[in-house]
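Chains, contacts and geometry: an overview
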Amino acid sequence: MTAETTRSRGRGRPTSPVLSREAIAARAMTLVAERGYDHLTMAGLARRLGVSASALYNHVSSKHDVLVLIQDRLNAEIDCSAFGRLPWPEALSAWARSYRESYVEHTELIPLIAVLPIADAPKSLEMYERVFVALHSAGIDDRDAVDIIAGIEALVFGAAFDASAPADIFDPGSLGDIAPTFAQAAALRAADARASADRAFEMTLEVLVDGLLRRVETGETFSPRHA
């Protein structure tokens with residue numbers, strides 16, 4: 001074997017994995033899904049990635065930075081293509097549906113992502129900008145447009161939890177005599193819990209978007225009536 005051959009082989013595949021933001025986010029999401037957020041540590045994540053902790057720190061400086069990567073990875077999957085293609089009420093509904101689907105399988109991350117600042121999250125910022133511009137172009141005031149986005153997110157996150165909740169979530173057990181009429185009606189939901197969750201989401205989304213459209217068309221103020 002010649003020295004040249006040895007040098008050539010030395011320039012081959014690296015002995016340790018090549019890290020990327022996408023790989024870090026994907027492995028961190030898996031770790032949280034399997035063991036919970038409390039078990040997401042830099043050392044544990046490095047082991048999952050097959051690298052040293054120092055190599056991981058070359059890409060992310062803290063657990064917070066890892067969460068930002070997760071946030072951006074999830075939000076990048078949300079489909080915003082309806083904005084600019086459909087009227088804003090239809091686009092807003094399509095965005096909300098895609099948003100919910102992106103989080104239904106990751107409800108364990110909602111308590112973390114829902115309150116995580118979006119600084120350093122480019123995909124999240126691009127998403128918000130696209131939705132905001134569409135609402136602003138429809139004549140909706142700046143503050144109202146941001147509040148609408150926040151309101152849609154509140155519905156989306158709650159609906160994602162509902163879609164993954166146990167089928168018997170409304171079963172009163174031995175306390176049926178406290179709410180007999182509700183329990184009887186709610187039992188119908190258990191027969192097909194996911195379809196019922198989808199129906200509840202669609203019903204609420206339709207009412208919300210129709211109400212927003214009516215206010216825009218009539219010029220009615222968005223100020224809360226019970227502020």
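Description of the structure in this document.

Rules used in this analysis
Residues numbered from 1 in each chain as written. Predicted model: local features only at pLDDT ≥ 70, side-chain atom pairs only at ≥ 80, totals over all residues. Heavy atoms only, no water. Core = buried A, V, L, I, M, F, W, Y, C linked by side-chain atoms within 4.5 Å. Buried < 20%, exposed > 50% of the residue type's maximum accessible area, 1.4 Å probe, protein only. Helix = DSSP H or I, 4+ residues; strand = E, 2+ residues; numbered from the N terminus. Contact = heavy atoms within 4.5 Å. Phe/Tyr/Trp six-rings, centres within 6.5 Å; stacked < 30°, edge-to-face > 60°. Lys NZ or Arg CZ within 6 Å of the ring centre and 35° of its normal.

**Concerning the nonpolar core**
Judged by nonpolar contacts, the single largest core of 61 residues is most densely connected at Ile-70, Leu-92, Trp-95, Tyr-99, Tyr-103 and Leu-135. Those elements that place two or more of their residues in this core are α2 (21–35), α3 (42–49), α5 (63–76), α6 (88–104), α7 (110–113), α8 (122–137), α9 (142–163) and α11 (193–218). It is α9 that contributes the most residues to this core, ten residues altogether. Not counting residues up to four positions away in its chain, the partners in contact with Ile-70 are Ala-25, Ala-28, Met-29, Leu-109 and Ile-113.

**Description of the packing of aromatic side chains**
In the structure shown here, the tally under the stated rule is six aromatic pairs. Centre to centre, the rings of Phe-83 and Trp-95 are 6.4 Å apart; their planes meet at 65°, and the pair counts as edge-to-face. Linking Phe-83 in the loop between α5 and α6 with Trp-95 in helix α6, this pair joins segments that are twelve residues apart in sequence. Take Trp-95: its relative accessible area is 0%, and that puts it in the buried class. Ring geometry for Tyr-99 against Phe-157: centres 5.7 Å apart, planes inclined by 85°, an arrangement best described as edge-to-face. Residue Tyr-99 is located in helix α6, and its partner Phe-157 is located in helix α9; the two are separated by 58 residues in the primary sequence. Here Tyr-99 matches Phe-157 in class, with each residue buried. Grouping aromatic residues by their ring pairs yields a cluster made of Phe-83, Trp-95, Tyr-99, Tyr-103 and Phe-157. In this structure, Lys-63 is placed above the aromatic ring of Tyr-37, and the distance from its NZ or CZ to the ring centre is 3.9 Å.

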